[in-house]
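Summary of structural features
Below, each chain spelled out in residue letters.
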Amino acid sequence: ETENLTDTVEPPEPVGEPEGTILVISLDRGEGRYDSQTSAVEYAAILEARFKVEIWSTSLDGPLDSESLLDYDLIIWSFGDFEVEDALEEEEADALLMVMFGEIPFVMSGAYVGGSGLEAVQSDVQNSDTGHAVADGFDIGEVIQFVDTLSGAQYETGVIEEPGEGEGTVILVRGPGSEEAGAPAVVVQEDEFTGTRLGFIGFPLYLLPEDAQTRLVLNMVDWVLAP
C-alpha cells in the first residue's frame, strides 16, 4: 500500500524583491529517449514567484557562455529524458566545470545523471527518513507514485551510486514499485571546505505529481542557497 501527499503545496506569492537569480538550463539538444522533455518549465513555474528565473535552451539558444554563469546564485541543469552524453557537449561540459570551480551552487536532474552505469525501471520514490531539511513535509516512509507520461512509457533511469560516508545525504530512494528499490534517487552534498551545496535528482522532475514537485524543489533550493 502506498501513501501520497495529501496537502497541495503552492508556490508562495511574490513579495518584494526577488530572493536571488536562478538560471535553468534545458539540455534539450537532440532527441530524448522517451518523451524528449526536460523539466525547465516546471522549475520556472515553481520558482518564479520568489526568484528571478531565466531559462536557457541549448537547442534554441545555442552554446552556453560559461563566464555569464558566474552572475547567477544558482544553476539548475535539467536533462529530463535526454542522455547526458548526447546533451552535454563540449560547451556545456566547460560551463559545468566553470560552475563547479566557481563554487556556484547547482541542482542537476534527469533520468541519466546517476553515474553508476546501471539503469533500471523506476515508477516511484520513497522518503528515506533522514529528517533532512530537503525532506521537510514528506511523511515518514511516504511513497510517491510517478505520473503517467505522454508516451505511456515506463522510464528506465540511471541508478545513483550510494554516497560514501561524508559524501552526501540520500533524501529520497527508489520506491518499492521500482527496480533497484531502496537505491538513492535524490542526493544532496555539501563541500566540507567551501560550504557549496549541490543537489542531484536522478529522474525527470516532471514524473512527480505537481505537489511533490513543488515541495521537493522549494526545499532543495532553500537548502542549497542557505548554507
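Structure's up top.
A brief report on the enclosed structure follows.

Conventions and cut-offs
- Going along each chain's sequence as written, the residues are numbered from 1 onward.
- pLDDT decides what is reported in this predicted model: residues at 70 or higher carry local features, side-chain atom pairs at 80 or more are listed and counted, and totals for whole chains, interfaces and linings draw on all residues regardless.
- By convention in this description, side-chain values take in all heavy atoms of the structure and omit both hydrogens and water.
- Each pair of aromatic rings taken from Phe, Tyr and Trp, with Trp reduced to its six-membered ring, is defined by centres within 6.5 Å and is described as stacked if the planes are under 30 degrees apart, edge-to-face if over 60, and tilted in the remaining cases.
- Comment: elements are numbered from the N terminus, with helices defined as DSSP H or I runs of at least four residues and strands as E runs of at least two.
- Buried means the residue's accessible area, taken with a 1.4 Å probe over protein chains only, is under 20% of the maximum for its type, while exposed means over 50%, and partly exposed covers the values in between.
- For every element, the axis is a line fit to its C-alpha atoms; helices are fit only across the contacting stretch, and the angle between N-to-C directions ranges from 0 to 180 degrees.
- Here the word oblique covers every angle except those under 35 degrees (roughly parallel), over 145 (roughly antiparallel) and from 65 to 115 (roughly perpendicular).
- Contacts were defined at the residue level, with two residues in contact if any of their heavy atoms lie within 4.5 Å.
- Polar here means any residue outside two lists: the nonpolar Ala, Val, Leu, Ile, Met, Phe, Trp, Tyr, Cys and Pro, and the charged Asp, Glu, Lys and Arg; Gly therefore counts as polar.
- In the cavity and pocket records, a cavity denotes points on a 1 Å grid over the protein atoms alone where a 1.4 Å probe fits but cannot get out, a pocket denotes an open set with protein on both sides within 12 Å along at least 5 of 7 lines, and lining residues are residues with an atom within 4 Å of a point.
- Grid points are joined across faces, edges and corners, and a volume is the space filled by probe spheres set on the points.
- Strand pairing is defined by DSSP finding a minimum of two bridges between the two strands.
- It is the directions from the helix axis to the C-beta atoms whose arc is reported.

Aromatic ring pairs are reported here in terms of the distance separating the ring centres and the angle at which the planes meet. Counted according to the given criterion, the structure contains four aromatic pairs. Centroid distance Tyr34 to Tyr155: 4.5 Å. Interplanar angle 25 degrees. Geometry classified as stacked. A residue pair is termed long-range when its members are at least 10 positions apart, and Tyr34 in the loop between strand S1 (21-26) and helix H1 (40-47) and Tyr155 in strand S8 (residues 155-160) qualify at 121 residues. Note on Tyr155: relative accessible area 2%, which makes it buried. Pairing Phe106 with Phe200 gives two aromatic rings, centres 5.9 Å apart and planes at 90 degrees, and the pair type is edge-to-face. Remark: Phe200 occurs in strand S11 (residues 197-201) and Phe106 occurs in strand S4 (residues 106-110); sequence separation between them is 94 residues. On the accessibility criterion, Phe106 (3% relative accessible area) is buried. A relative accessible area of 17% means that Phe200 is categorised as buried. In textbook terms, an aromatic cluster arises when at least three aromatic residues are bridged by ring pairs, as seen for Tyr34, Tyr155 and Tyr206.

One way to put it is that H1 packs onto helix H4 (residues 210-225) with a least axis distance of 10 Å and a crossing angle of 70 degrees. In terms of orientation, H1 lies roughly perpendicular with respect to H4. Residues Glu42, Tyr43, Ile46 and Leu47 of H1 touch H4, and the partners they reach there are Gln213, Thr214, Val217, Leu218 and Val221. Partitioning the contact of H1 with H4 into residue classes produces six nonpolar, two polar and one charged.

Each pocket or cavity is described by its volume, and for the largest pocket that value is around 340 Å³. Forming the walls of the largest pocket are 16 residues, and the residues nearest its centre are Val113, Gly114, Ile160, Gln189 and Phe200. Secondary-structure elements contributing two or more residues to the lining of the largest pocket are helix H3 (90-101), S4, strand S10 (184-190) and S11. Taken together, the residues of the lining of the largest pocket sort by class into ten nonpolar, three polar and three charged.

In this section: the pairing of S4. The buried count for S4 comes to five of five residues, which makes it a mostly enclosed element. Neither face of S4 is left uncovered, since the one carrying Phe106, Met108 and Gly110 and the one carrying Val107 and Ser109 both have all their residues buried. Here strand S3 (residues 74-80) pairs with S4 via five bridges, running parallel. Paired with Trp77 across the strands is Met108, a residue of S4. One ladder, built from four bridges, connects S4 with S11; its direction is parallel. Within S11, the position partnered with Ser109 by the bridge is Ile201.

Turning our attention to H1. Structural remark: α-helix, 3.6 residues per turn; residues separated by three or four positions point the same way. Of all the residues in H1, the buried ones are Ala40, Tyr43, Ala44, Ile46 and Leu47. Angularly, the buried residues of H1 cover 165 degrees about the axis, an arc narrow enough to put them on a single face. Where H1 is buried, its residues touch S1, strand S2 (52-57), S3, S4, S11 and H4.

Here we come to the side chain of Ser123. Structurally, Ser123 is set in the loop between strand S5 (115-122) and strand S6 (124-127). Those residues in contact with Ser123 that lie beyond four places of it in its chain are Gln145, Phe146, Gln154, Gly177 and Ser178.

Keep in mind these values describe shape, not function.
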